[in-house]
Structures are given as structure tokens and as C-alpha cells.
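Understanding the architecture of this molecule
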Amino acid sequence: MLGSNSEAPAAEAAASDAAAASFATLTKKLSYLSAADIKRVREAYKFADEAHLGQFRASGEPYITHPIAVAGLCAGWKLDATAIMAALMHDAMEDCGTSKVELIERFGAPTADLVDGLTKLDRLHFSTREESQAESFRKMLLAMARDVRVILIKLADRLHNMRTMQAVQPAKRERIARETMEIYAPIAHRLGLNQTYRELQELSFQYLRPWRHAALSKAVLRARGNRRDIVERVQLDVEKAFKTAKLAVDVSGREKMLYSIYSKMEEKHLSFAQVNDIFGFRIVVGSLPECYLALGVLHQLYKPMPGRFKDYIAIPKANGYQSLHTTLVSPLGTAVEFQLRTEPMHVVAEAGIAAHWLYKAHGSGDAQHLGAMWVQSLLDIQNETRDAAEFLEHVKIDLFPDSVYVFTPMSKILALPRGATAVDFAYAIHSDVGDRCIAAKVNGESVPLRTPLRSGDVVEIIGAPSARPNPAWLNFVRTGRARSSIRHYLKNMEAEESLSLGEKLLAQSIRAEGLQLPAGDETGSDTDAQLWQALLRWAGLKKRDELLIDIGLGKKIPAIVAKRLAALQAERGTRPDAVTLTLGRYGTEDGGPAQGAVVLDGSEGATVQLALCCRPVPGDSIVGYLGRGEGLLVHTADCGVGRRQFERDKEPWITVEWSDTPQRNFETAVTVLLTNGKGVLAQVASAVSGAEADIVHIDMNEERAGQTAELRLLLCLRDRLHLADTLRALKRSPSVLRVARVKP
């Protein structure tokens, strides 16, 4: 016992010494801050040190060494004192129970907001780890949209965790590495922090594919020895050429990262021996015109490889990266890549959005706007997507690193993910342009909306005021913004259509009780408002629109809601009106539509579906089935499927009728028995076309056709009379033996 007691203080003293030594190292990195700011940082360190007292990392080190290391990485980007303080306390709320109020009182609201943005949500509120993770990501990314320092601190936190993961359990190590590869590395790339991006990728690769990482590492070491002569010779030739041209440059050799080599091998199915551009050179010049002069010098020195030149200065990458890239053939026949840039471009290329702080002295004015378009797209997606998992899915899509660069007709450049289509382009311009999109032209030629775009394409979108997004677009769009906008529009349309249908259904049902539906808008009386409040309490809802939408979707039966509303009105002395009761239940004497009946003209949208079993058309006698959460399903009155549903459950059936002026054509199915022979399909198509109908789909029996064949045609036509004309036209065809409408 004595021994263990004497060892404990010694361990605590050693931990304290290690932490103090680490903070002393951090203080040296903060020389760019004022004395007052360094004093504030020291106070934050003391607070974090006390909060994490007695906590240790998996490696056995005192926990405080981690926040100090994160703050050190942030100091490397020259972040301000507020960010350094938040970095030191970034785990204080999550791991130590410190409240945001306490942080505001001691360190001010800006620091507390940063720490709060970095704090994961309480897992107890969520049913699964995935749900918790998705909601925490959303919180962090939206905090980043308000203050980009949140994501810089988070990336520094993740980088240090990845550097020190050897002591973590293998399963957890793999999970963190996968998360880093899928989320954090792409975010670093999107914000232009290329140095951080490459290291996060490399470390993730090391933990996710340890055997491949080790084998590739050995292969690169061998190649480095074998190719040292080539690298030295190329560097001497290049430096000599620039000296002759009297152009001052800084030439540095670089080696491709292991993950970059592995990705190229996997993508192009190459062996390591076939990857010949493992080494490259970076050339930093004094001014922008000198980038192009230096390019000329290089192209005079070695032959350039066709198709391997990229000008990211004229057209920067989406994350602000600017450089000239060219690949040349060295004297020994190997490909060598060169990157040419100015010093400010180099800082932005390595530090991206962090260059705003890192390079203030040289006036990097545009650096603070790096990633601004993506940050704005996060806010747009958030406004359209309330589900955290869906939000994370859209963000992952938007983090796709490779880009194509396309032009509007006014020569504005847009960066889109590789594989993006004209619909993605339309939504990148504005959500209204995407919603109204009906066609597209690429380089002056009409193309399908699903056509993938290529760099350099000039894209023109053609819209129509009455157009709306097509759900099928979700199968091919590539950007998170397009996907979330389409889903948002479709959900809103469904809600609006359900609201309108629900109001009609409830009005119809309350008339059957001999009463009128109380007004729900601002013109309604206090009594009407009280009735709605009482009805909503009974239904367990908060808003009138929610109740009407539930009725429109079939989640609540209108007759039951109407009976409850009638009871509430009776309590207030309102009695059924005999005339209204008669109109509501029996319709008008001249056989016109019943008061409040749902009248269909084909423009109802997704909440009213025509049953696929009987495919009703105007002129058919119809009935409506209010499915549970599926909206209104319309059957013909003699449909066998509908009759069986009615026998099982009579409650959800309502009165529906056709409008006198349908707004579109309708589809129905017919079977055609014909004599098999040459040209019979052409005869059938000609007969249908002659009747001014359209064939939407043709289906044949799977068995091999003999002397006769049976076709199933899906026809598009106006109404029942048009169907009769089309059937007569088919019967007159010489090859047709029998034709009939399909009935279940």
C-alpha cells in the first residue's frame, strides 16, 4: 500500500511536467499574438488543465497533451487567440461536463460558440450511433457555416488523433480511419487545406489497408534509390535552364503520397512498375506572368506529354487552388510532373482557407472567401433537409473531390463534381432554375437532361413556368444541392396537394353531418378558432394544416374527424341544417356532383393516384379509397380489386367524380389478339395512331409466338369515348382477331 501511494504522486508530477513542457512549446508558437492575447490563452490552458485533471489518453499520456497539440496545429495556421482558446477547451463541454454558460462567463461568447460547435450531441437522445453521428456532423457543419474556425479546429483535432492512434483498439481505429477518409479528408480538400488533406488520407490508408500500405512503402523506398539519379539530373537540368533564362525560381522535388499512388494503381489497374510519375517538381516564381514564362522554359527543355497540361490559374479549382500543371518526358523516358505557381498561390495551395490568417501580411484578400460557395450550399441543403442522415448523405455527395468546369452562356464558370448533369448545373445556378428546367443545350446542341457534362462545355438551361422537378432526376443527379432541392420541392408539393385534398374531404364529410366547415384563416371568428383548437387537441396535433394533410394522406378518416367536429359544434349550440344535410348526403336533384365531392381533372399530383389494376379514365364510374398514408387511390366502380378492399374495410371509401374538362390524357391497358405475321406491329401502331391515341408501352407473352400472338398495349388517351374509338380502329385492322380492355 505504501509503495502504491508513493507512486501515485510521482505519476501525477510526471504528468504535470509533461503538460507544462508541452504548453511551453505551444507558447513559442504563439509569438505572432500580443502579450494580452497570450495571457488569455494561458487562462484557457489552466481551465482546460483543471477540467481534464486525472484523465488519460489510451497511450497513457495526460489528456491535456491532446488539446495542447491541437492548439499547436491551429497556431501553425496563425489562427487568432479566440480559436487557440477554443482548441484548448474543445473537449471541456463534452468530456468534463462544463456548460456553455460557464464558458461565456469566463471567456466570452465567441469562444464559447466555437467550443459548442465542436461538441458532439448527447448520445442518450438518439436510438443509434449512426443517428447520433449524423446529427453531430450537421451541428458541426452548420457551426462551420457561421464561423469557419470551427472546422479548422476540428480538422486539427482529427489530425492529431490520427497521428496518435496506435494505442487505440483495432476496431475503433478502423472506424475512425474510415470516417476520416469519407468525411474529414474530403472537407480538408474542399477547403483547400491540401497538406492536411494529404496527411489525413495517408494516415487513414495506413490503418484501413495496413498490408498494402507496408508493401507500397517498401516499393517506393526501393524506387527512390533506383531513381535518385534521374531526380538529381532533372533538377540540375531545370535549374540550369532557368539560370540561362535569367528567371529567379525556387525548385523543389516532391514524392507522391502512398495513397495517391495506390489510388492511381487501383483506378487504372496498373502495377507499381507501371506508375511512372512517382516523383515531381514544384516551381515557385515571383509573379503571375513568370508562371507562363517558366512554362515556356520547361517546354523548351523537355517534350511535354500531349493532353497532360492543366491551367488552374485561369480556371482555379473550387477550393481556390491555383497552379499550372504539365507533365514532361525526362531524358531517360520517364514522365515527370511539374507544378508552377507564385508564392501566394503556394500558400493557398497548402493551407487553403487557413491562408486568410497565415498569409495576412502579403494581403491574400481572396483567401477568406475560399470554400464560401460550398459553405453557402450547406446552408441551402440544411434549409431544404431537416433529417440529419439525409443532410449527411447530401454533404458526402458534395464532397466528391474531382471536378469539371463548365460555362454559362454569359461565360461564368461553375465547378461541378465529375459526372454532374445539366440538372445539377441548373440547381447550381439557382433552385428556381432547377425546379423549372425542361431541357438543356450543351455547346448549342439539345441533349437529354441526364447527359454528363465535360470540362469546357457551355450549358444553357431551358425552363417553363409550369414545369416541376421530376422524381426520376434523383436517379442521376450528382450534387447534394440538386438532390436536396428536388426532394424538398417534392415533399412541399405533396404537402400542398394533401392539404387541398384534406380540406375537400373534411368539407364533404362535415356537410354529410349537416354542418359547414369552420373558417380557418384570419377571417374566421374566435368561435371558429376555438373549434379548431379543440379539434387539434383531440387529434394530438398542433396546427390545422397538419390535420388536413393527415386527412389528405389517409392517416385520419375524414368521416370520424367530421363526427368529432360536429360533436364540438353541438356542445356550442350549433345544430345541423336540413338543406345542407340533404345536399351533403344525396347530392343535387339534377344528378350533378354531390356537394363537396372530390372532382378529378388529372392535375391533382402525387396525392391522388389512379389504380394500376383497373386504370380508370374519364367517363368511367369511379370510387376513391383513402389509403393509410398513401393519399387517395381511385378505382373503377366495377374493379374486382377495389370490391375486395371494400368488403374488408368500408370506412375509407369516399365519393369521387370526373371533372367535365380533364387537364391531361390518361393511360389504360388493352389486350390485342392478332394473327402473327410480317408487319403486324406496324398495322397495330398505325391503327392506334389513326385514332389519335399513343402507345406508351407494349408487352408480349414470354412463350414463343405461334400462328397467333397476344399483345398488351398501354394506351394514352383522352377519355372513355376516345378509348372506344381506338378499340374500333384496332378491330378494323386485318391482322387483329380480338381486342378488349384489361379488367382485373
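Residues numbered from 1 in each chain as written. Predicted model: local features only at pLDDT ≥ 70, side-chain atom pairs only at ≥ 80, totals over all residues. Heavy atoms only, no water.

**A short note on the overall build of the protein**
Check the secondary structure of the protein and you find 29 helices and 21 strands. Relative to its full complement of 744 residues, the protein shows a buried share of 47%. Looking at the protein alone, contacts between residues at least 24 apart form 67% of all its contacts between residues at least 6 apart. A total accessible area of about 37,700 Å² is found for the protein, and carbon and sulfur atoms account for 51% of it. (Helix = DSSP H or I, 4+ residues; strand = E, 2+ residues; numbered from the N terminus. Buried < 20%, exposed > 50% of the residue type's maximum accessible area, 1.4 Å probe, protein only. Contact = heavy atoms within 4.5 Å. Areas by Shrake-Rupley, 256 points an atom, 1.4 Å probe, with all protein chains shown as cover.)

**Brief notes about the sheet that holds strand β21 (residues 736-741)**
Read from one edge to the other, the open sheet built from four strands follows the order β19-β20-β18-β21, with strand pairing classed as antiparallel. With partners counted over all chains shown, the strands left at the sheet margins are β19 (694-700) and β21, one partner each. Direction aside, neighbouring strands of the sheet carry axes that sit 25° apart on average. Note: strand β18 (residues 666-675) against strand β20 (residues 708-717), ten bridges, orientation antiparallel. Bridge pairing in β20 links Val670 to Leu713. Across the sheet, helix α28 (residues 680-690) touches β18, β19, β20 and β21, and the angle it forms with β20 is around 25°. (Pairing = 2+ DSSP bridges. Axes fitted to C-alpha atoms, helices over the stretch in contact; angles between N-to-C directions.)

**Thoughts on the nonpolar core**
Core analysis: the biggest nonpolar cluster contains 73 residues, and Val41, Met89, Ile153 and Phe272 have the highest contact counts within it. Not counting residues within four places of it along the chain, the set of residues in contact with Ile153 comprises Val70, Cys74, Ala83, Ala86, Ala87, Leu114 and Leu118. Counting residues in hydrophobic clusters, the runner-up holds 49 residues, among them Leu547, Val634, Ala693 and Leu717. (Core = buried A, V, L, I, M, F, W, Y, C linked by side-chain atoms within 4.5 Å.)

**Some details on the environment of Ala693**
Mapped onto the elements, Ala693 comes out in the loop between α28 and β19. For Ala693, a relative accessible area of 5% puts it in the buried group. Each C-alpha atom, one on Ala693 and one on Leu723, is 8.4 Å from the other, the two residues being 30 residues apart in sequence. Here Ala693 is in contact with Val688, Cys716, Leu717, His722 and Thr726, once residues within four sequence places are set aside.

**What to know about the packing of aromatic side chains**
Per the counting criterion, the structure on display carries seven aromatic pairs. The rings of Phe205, Tyr259 and Tyr262 are connected pair by pair, giving a single aromatic cluster. Sitting above the plane of the Trp532 ring, Arg544 keeps its charged end 4.8 Å from the centroid. (Phe/Tyr/Trp six-rings, centres within 6.5 Å; stacked < 30°, edge-to-face > 60°. Lys NZ or Arg CZ within 6 Å of the ring centre and 35° of its normal.)

**Quick notes on unusual backbone geometry**
One non-glycine residue, Lys78, lies in the positive phi region at around 60°. Inspection of the secondary structure assignment puts Lys78 in the loop between α3 (65-76) and α4 (81-88). Using a relative accessible area of 34% as the deciding quantity, one classes Lys78 as partly exposed.

**Comments concerning the confidence of the model for the protein**
Model confidence for the protein is summarised by a mean pLDDT of 78, while 79% of its residues fall at 70 or above. Ranking the elements of the protein by mean pLDDT puts helix α26 (residues 578-586) last, at 53, and helix α29 (residues 720-731) first, at 92. The low-confidence segment residues 1-18, where pLDDT is below 50, has two contacts with residues more than four positions distant or belonging to other chains. Per-residue pLDDT stays below 50 along residues 586-596; that stretch engages in twelve contacts with residues further than four places along the chain or on separate chains. (pLDDT = per-residue confidence, 0-100.)

**Overview of the sheet that holds strand β9 (residues 437-442)**
Sheet architecture is open: three strands sit in the order β10-β9-β11, paired in antiparallel fashion. Because the sheet does not close on itself, it has two edges, and the strands there are β10 (445-447) and β11 (459-463). Strand-to-strand twist in this sheet, taken as the mean axis angle between neighbours without regard to direction, amounts to 35°. Summarising the sheet, β9 and β11 pair through five bridges and their orientation is antiparallel.

**Digging into a nonpolar patch on the surface**
Taken together, the side chains of Leu681, Ile698 and Met700 present a nonpolar region at the surface, about 270 Å² in accessible area. Along the chain, Met700 falls in strand β19. (Patch = residues over 30% accessible without salt bridge, like charges linked within 9 Å, V, L, I, M, F, W, Y side chains within 5 Å. Salt bridge = Lys/Arg side-chain N within 4 Å of Asp/Glu carboxyl O.)

**Details of the pattern of salt bridges**
A complete count under the given rule lists 18 salt bridges for this structure. A salt bridge links Asp37 to Arg40, with the nearest nitrogen and oxygen atoms 3.2 Å apart. Remark: Arg40 and Asp37 occur in helix α2 (residues 35-51); sequence separation between them is three residues, near one turn of the helix. Given the relative accessible area of 22%, Asp37 is considered partly exposed. Residue classification places Arg40 among the partly exposed positions, given a relative accessible area of 31%. Taken together, the shared-partner salt bridges connect Lys100, Asp113 and Asp116 into one network.

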